[in-house]
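Structural features, examined
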Amino acid sequence: MTIKTQTSNRQFRLKTRPVERVSSDNFEFVDEPLPKLGKDEVLIRNIFLSLDPTNRIWMSDMEQYMPPVQIGEVMRGLGIGRVEESNNERFTKGDFVSGLLGWQDYFVANEEAAAGLMVLPQIPGVPVEVFSGAAGMTGLTAFYGLFEVGKAKEKETLVVSAAAGAVGSIVGQLGKLIGMRVVGIAGGEEKCKWLLDDLGFDAAVDYKRPDWKERLIEATPNGVDVNFENVGGKIMEAVFNRMNLYSRMVLCGMISGYNEQDDSKSRISLTRALMQRITIQGFIVLDYHKKNVEATKQLATWIAEGKIKHRETIVEGLENAPMTLNKLFDGGNVGKLLIKISEP
Ligand SMILES: NC(=O)c1ccc[n+]([C@@H]2O[C@H](COP(=O)([O-])OP(=O)(O)OC[C@H]3O[C@@H](n4cnc5c(N)ncnc54)[C@H](OP(=O)(O)O)[C@@H]3O)[C@@H](O)[C@H]2O)c1
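Residues numbered from 1 in each chain as written. Predicted model: local features only at pLDDT ≥ 70, side-chain atom pairs only at ≥ 80, totals over all residues. Heavy atoms only, no water.

Next up on the list: the overall build of the protein. A tally of helices and strands in the protein yields eleven helices and 15 strands. Here the C-alpha atoms of the protein give a radius of gyration of 20 Å, agreeing with the 20 Å that 2.2 N^0.38 yields for 344 residues. Evaluated residue by residue, the protein yields a buried proportion of 54% over its 344 residues. Considering only intrachain contacts with a sequence separation of at least 6, the fraction spanning at least 24 residues in the protein is 68%. (Helix = DSSP H or I, 4+ residues; strand = E, 2+ residues; numbered from the N terminus. Rg over C-alpha atoms; globule rule 2.2 N^0.38 Å. Buried < 20%, exposed > 50% of the residue type's maximum accessible area, 1.4 Å probe, protein only. Contact = heavy atoms within 4.5 Å.)

Let us look at unusual backbone geometry. Positioned with a positive phi, Lys151 is a non-glycine residue whose angle comes to about 45°. When you line up the elements, Lys151 lands in the loop between helix H3 (137–149) and strand E8 (157–161). Taking relative accessible area as the criterion, Lys151 reaches 48% and is therefore assigned partly exposed. We note that Arg277 has phi near 50°; this positive angle belongs to a residue other than glycine. Topologically, Arg277 is positioned in the loop between helix H8 (270–275) and strand E13 (279–282).

Taken together, 29 residues lie around the ligand, and Val167, Lys191, Tyr207, Val285 and Asn333 are the ones closest in. The separation between an oxygen atom of the ligand and a polar main-chain atom of Val167 is 2.8 Å. The backbone of Phe283 places a nitrogen or oxygen atom 2.8 Å from a nitrogen atom of the ligand. Surface burial for the ligand is 91%, taken as the share of its 900 Å² of free accessible area covered by protein chains. Sort the elements by how many residues they give to the shell around the ligand and H3 lands first, with three residues. Residues belonging to the shell around the ligand are distributed by class as follows: 18 nonpolar, ten polar and one charged. Split by domain, the shell around the ligand shows at least three residues from each of two domains, domain 1 (8–133 + 310–340) and domain 2 (137–286). (Near = heavy atom within 4 Å. Polar contact = N/O pair within 3.5 Å; in protein donor to acceptor, adjacent residues only side chain to side chain. Areas by Shrake-Rupley, 256 points an atom, 1.4 Å probe, with all protein chains shown as cover. Nonpolar A, V, L, I, M, F, W, Y, C, P; charged D, E, K, R; others polar. Domains from an automatic or database assignment.)

In this section: the environment of Asn222. Inspection of the secondary structure assignment puts Asn222 in the loop between helix H6 (212–219) and strand E11 (224–229). Between the C-alpha atom of Asn222 and that of Ser60, which follows or precedes it by 162 residues, the distance is 40 Å.

Purely spatial values, then, with no claim about function.
This is how it looks when you write it as structure tokens:
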């Protein structure tokens, strides 16, 4: 890993929009001088960069929930960093912060950008990188999606897809915390074993096996009350066909279509939604941002108490960000996928 001095800043700038998978050729990797800090500005050294499926969406110009990253702009990305210098009274040198720090070594936050940063609480037993995952954006997605959107209740059956990933692994554990029957869908025997043996899921379905649909039926003898949908396509279709009267589908993500920007393979019957009175709700974690401080504390407390387990897949070196993003689409990560840029 290259150690950077505080005089220059390596940055990934979007050069072309990927057509399918992301490649290094879609970016220019530049080295820019660091500007002098102005009034109310903060200099942050980036430590962990969060790689998220939505990065792929931001690189495209499809209709989306935030403006797409423009050609020539520094690639947008969430991360954890440390304050190195501050002209802003909200921040002190040494604070750990999270926010949209970008695919770069340093982030110079002006007053407006600084307002969007969160100073991280220091909680014994919760390492800083966890605020990028289980106690960060993906944990919050699981929390709001399951409770606010899914209205999950004790004794109900929950199915979650991409279950061994950052969001899915927390969704399932939250379901267990409130006494649900939890079924995870994931790719491969090892991931399924982790869900069952370490995270306490009731059943795990390996969608790479030819008989996965029958396994899903076996694992949901009483149907499905909450479908936490992360994948779309055939997986969504199979779970949808198990959904009960008055059940809820939390439409969190449809990763199976992001590289093609195509959701035409996700076919569900709206007639079935009508007959079963199924609620289908799309949501974005940002919708609940006002509850972030409280929800982050709750998640971090459960983690510190050992009630929620977390796992990270960490790849060293900012230079590896573009190619590492593809791991999300190949199933090459367990838990939260991070790039380590510098030492905490
Ligand atoms: N709505 C929101 O605010 C919000 C916020 C965060 C994330 N999300 C969504 O939540 C989902 C999960 O995100 P994450 O950050 O937690 O990623 P993740 O689950 O850690 O990583 C993605 C996982 O998806 C699975 N996958 C990829 N392509 C697949 C395919 N074609 N079929 C089946 N499984 C596939 C892979 O696991 P396997 O090995 O099991 O295939 C991969 O590990 C994504 O759809 C994302 O867009 C939404």
